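# Structural features, examined
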Amino acid sequence: MVPLQVVQITDIHLLADENSLHYEVDTALSLTKVLNKIKSLTVDLIVVSGDLTEDGKASTYKRLAKIFKSLTVPVFFLPGNHDDPILMTEHLNDSNLNHCFSMEMAGWGFLFLHSQVEGCSFGKIGNQQLTKIDKYLTDHCAKPVFIAQHHPSFTVCPVAGCQLEDAAILQKILMKHNNVKVIVAGHTHNDKEDLSLNYAQYVTPSSFAFATHDQDCAKHRKDDFWAAHKLDPSKIGFRYIQLTKQGAVESEVIWV
């Protein structure tokens, strides 16, 4: 049986104006470089895990939709801290574009979580969504499940804005179920993994710029974001994941 081939793209930070740069980077061009590499691979679906835009404008989502409609595979979007979920629903639910909570494909269940806290950099799943996650995992207990969210569930960076506030509660729910196999996230613009639990956790680098995270908060204020982070636009990539019907997961970051 051929594995299900999944690509995760994250933290695009697209702008509405074609002539605009974000930290001196043309984020549309960097996304195009990533997509050109992806087109050379066998891909069944693409997950875009938040910070789709930098400005959260309707015109930017229209621009993003035009880019992704050029692909032939289904694309599933979830919001990051820079996004507008209402505008996402309006502009990213057409043709091969999807903005939804869950779906099933090739014997797998997929959850696309909303971890945005409006106006904040940190994330939170929230009680209502945690209840829905628990119910979905119970109702689909015979299926292996893939979860995508913007904010990582494990600590990649000590700065407050990089955290998922209710990560411990989410973990407690997921550990009740044997069918959770993998969680992918973005937000921190780097590549990390945690294989210490009964499911794999991966953080994927941005299509816009790589970020390093100072682990020593004693050197700076916890609320001083740029004192703790440095961007490297020369290093961009995405994650390529293979899922077998038996629930096995193989993952690698592909640098562009």
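Structural notes, computed from the coordinates. (Residues numbered from 1 in each chain as written. Predicted model: local features only at pLDDT ≥ 70, side-chain atom pairs only at ≥ 80, totals over all residues. Heavy atoms only, no water.)

### Some remarks on the overall build of the chain
Let me state the cut-off plainly: Only DSSP runs of H or I with at least four residues qualify as helices, and only runs of E with at least two residues qualify as strands; both kinds are numbered from the N terminus onward. Only the C-alpha atoms count toward the radius of gyration. The rule for a globule is 2.2 Å times the residue count to the power 0.38. Partly exposed describes any residue whose relative accessible area lies between the buried limit of under 20% and the exposed limit of over 50%, with all areas from a 1.4 Å probe on protein chains only and scaled to the type maximum. What makes two residues a contact is simply this: any of their non-hydrogen atoms within 4.5 Å. A 1.4 Å probe and the Shrake-Rupley method give the accessible areas. Residues count as covered only by the protein chains that appear here. Only four residue types enter the charge count, namely Lys and Arg as positive and Asp and Glu as negative; His and the chain termini do not. Taken as the charge centre is NZ of Lys, CZ of Arg, CG of Asp or CD of Glu, depending on the residue.
Counting its regular elements, the chain contains six helices and 14 strands. Its C-alpha atoms give the chain a radius of gyration of 17 Å, within 12% of the compact-globule value 18 Å for 256 residues. With the C-alpha coordinates of the chain rotated into their principal frame, the extents come out at 50 × 45 × 30 Å. Across the 256 residues that make up the chain, the buried fraction comes to 54%. Look at the contacts in the chain between residues 6 or more apart in sequence, and 70% of them connect residues 24 or more apart. Of the accessible surface of the chain, which amounts to about 11400 Å², a share of 50% is contributed by carbon and sulfur atoms. Of the side-chain charges in the chain, 23 are positive and 29 negative, and the distance between the mean point of each set is 4 Å.

### Comments concerning the sheet that holds strand S9 (residues 192-194)
The strands making up a sheet associate through backbone hydrogen bonding, with each pair oriented either parallel or antiparallel. Selection criterion: Any two strands are treated as partners once DSSP identifies two or more bridges connecting them. Axis definition: a line fitted to C-alpha atoms, limited for helices to the stretch in contact. Angles are taken between N-to-C directions and run from 0 to 180 degrees.
One open sheet holds the six strands; their spatial order is S5-S6-S7-S8-S10-S9, and the pairing between them is mixed. The open sheet has two edge strands with one neighbour each: strand S5 (102-105) and S9. Along the sheet, successive strands turn relative to each other by an average axial angle of 15 degrees, direction set aside. Pairing between S9 and strand S10 (residues 200-203): three bridges, direction antiparallel. Within the sheet, the bridge partner assigned to Lys 192 lies in S10 and is Val 203. In this fold helix H4 (residues 127-139) packs onto S5, strand S6 (108-112), strand S7 (145-148) and strand S8 (180-185), with an angle of close to 180 degrees to the strand it touches most, S6.

### Concerning the sheet that holds strand S2 (residues 45-49)
As summarised here, the arrangement of the six strands in space is S4-S3-S2-S1-S13-S14, forming an open sheet in which the pairing is mixed. The sheet is open, and its two edges are formed by strand S4 (97-98) and strand S14 (249-255), each paired on a single side. For strand S3 (residues 75-78) and S4, the ladder comprises two bridges, and the chain directions are parallel. Across the sheet, the residue bridging to Phe 76 is Asn 98, located in S4. Lying on the sheet, helix H1 (residues 27-38) is in contact with strand S1 (4-9), S2, strand S13 (237-243) and S14; it crosses S1 at an angle near 170 degrees.

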